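Report on the structure
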Amino acid sequence: MAHPTEKTVWSTDWDTLEISGESHRRVLFQDVDMTELVDHGSSFEECHFSNVRFNVSEHTDARFLNCTFTRCSLFDATFTGCKLTGSVFDGCTYGLLKVEGGDWSYTGLAGADLRGSTFHGTRLREADLAGARLERAELRRADLTGASLRGADLTKCDLRGSDLSTLDPRAVTMTGAIIDPFQATVVAAALGFDVRE
């Protein structure tokens, strides 16, 4: 549920801007072009982004806390060391999204088309990825503890190093998914196998 907003930024061009350490709380960003924006350490709290273009933008050590993203485009956007806890994405496009580190716990990404996206070393505890399309995506060294993956398509997804302790392999599509030997024993146990030396 979106938080009430107290200010509106409407149809503004932020493309190719470089911002650092800015703070925004309960702002509605409507039809804003943030293409190729470079953001260092800015904070967005309980903001609503509607039809905002984040294409090819770069965000480093930024915070998007309890924000709502509606019909936004994140094509080739990069988030490095960012915190997006509690944020919800609805009807967004993500082609080639790149996430390095950071905390995306409790994010709402249900049904998201994340094909070809990368999440490396990212905390995704209790994130809602139900029904997400993750074909050929990379979820490397990700903390997926408690994450909802029911109905997700992990076909040929690279999951090596990620925490799969709460994954139900019977509730997802995993054809050709890449896992490491330790994960193989976790998945086998989840399927009811008695794994022995």
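As shown above, the structure is provided for reference.
On a predicted model such as this, the values are computed, not experimentally measured, just so you know. (Residues numbered from 1 in each chain as written. Predicted model: local features only at pLDDT ≥ 70, side-chain atom pairs only at ≥ 80, totals over all residues. Heavy atoms only, no water.)

**A short note on the pairing of strand β4 (residues 27-30)**
- Side-chain alternation along β4 places Val27 and Phe29 on one buried face and Leu28 and Gln30 on a second face that is also buried.
- Pairing of strand β1 (residues 7-10) with β4, which is carried by four bridges, proceeds in the parallel orientation. What sits directly across from Thr8, in β4, is Leu28. (Buried < 20%, exposed > 50% of the residue type's maximum accessible area, 1.4 Å probe, protein only. Helix = DSSP H or I, 4+ residues; strand = E, 2+ residues; numbered from the N terminus. Pairing = 2+ DSSP bridges.)

**A short note on a nonpolar patch on the surface**
- A cluster of nonpolar side chains, Val56, Phe75 and Leu96, forms an exposed patch at the surface whose accessible area comes to about 240 Å².
- In this structure, Val56 sits in the loop between β7 (48-50) and β8 (58-60). (Patch = residues over 30% accessible without salt bridge, like charges linked within 9 Å, V, L, I, M, F, W, Y side chains within 5 Å. Areas by Shrake-Rupley, 256 points an atom, 1.4 Å probe, with all protein chains shown as cover. Salt bridge = Lys/Arg side-chain N within 4 Å of Asp/Glu carboxyl O.)

**Structural notes on the nonpolar core**
- Within the largest apolar cluster, 53 residues are counted, with the highest numbers of intra-cluster contacts made by Phe29, Phe49, Phe69 and Leu74.
- Each residue touching Phe49, except ones within four places of it in the same chain, is listed here: Phe29, Met34, Phe44, Phe54, Phe64, Cys67, Thr68, Phe69, Thr70 and Cys72. (Core = buried A, V, L, I, M, F, W, Y, C linked by side-chain atoms within 4.5 Å. Contact = heavy atoms within 4.5 Å.)

**Describing the sheet that holds strand β3 (residues 23-25)**
- The three strands are arranged β3-β6-β9 in an open sheet whose pairing can be described as parallel. Because the sheet does not close on itself, it has two edges, and the strands there are β3 and β9 (63-65). Strand-to-strand, the axes of this sheet are offset by a mean angle of 5°, without reference to chain direction.
- Bridge count between β3 and strand β6 (residues 43-45): three bridges; the pairing is parallel. Looking at β6, one finds that His24 is bridged to Phe44. (Axes fitted to C-alpha atoms, helices over the stretch in contact; angles between N-to-C directions.)

**As for unusual backbone geometry**
- In this structure, Glu36 is a non-glycine residue whose phi angle is positive, near 65°.
- Within the secondary structure layout, Glu36 lies in the loop between β4 and β5 (38-40).

**Thoughts on the packing of aromatic side chains**
- This structure, assessed with the given rule, holds 16 aromatic pairs.
- Centre to centre, the rings of Phe64 and Phe69 are 6.0 Å apart; their planes meet at 50°, and the pair counts as tilted. Of the two residues examined, Phe64 and Phe69, each falls in the buried class.
- Joined through ring pairs, the aromatic side chains of Trp14, Phe29, Phe44, Phe49, Phe54, Phe64, Phe69, Phe79, Phe89, Tyr94, Trp104 and Phe119 make up one cluster. (Phe/Tyr/Trp six-rings, centres within 6.5 Å; stacked < 30°, edge-to-face > 60°.)

**Some details on the sheet that holds β8**
- Read across the open sheet, the seven strands follow the order β2-β5-β8-β11-β13-β14-β15; overall the sheet is parallel. For this open sheet the edge positions go to β2 (18-20) and β15 (138-140), each flanked by a neighbour on one side alone. In this sheet, neighbouring strand axes are inclined to one another by 5° on average, regardless of whether the strands run parallel or antiparallel.

This is a description of form; function is not addressed.
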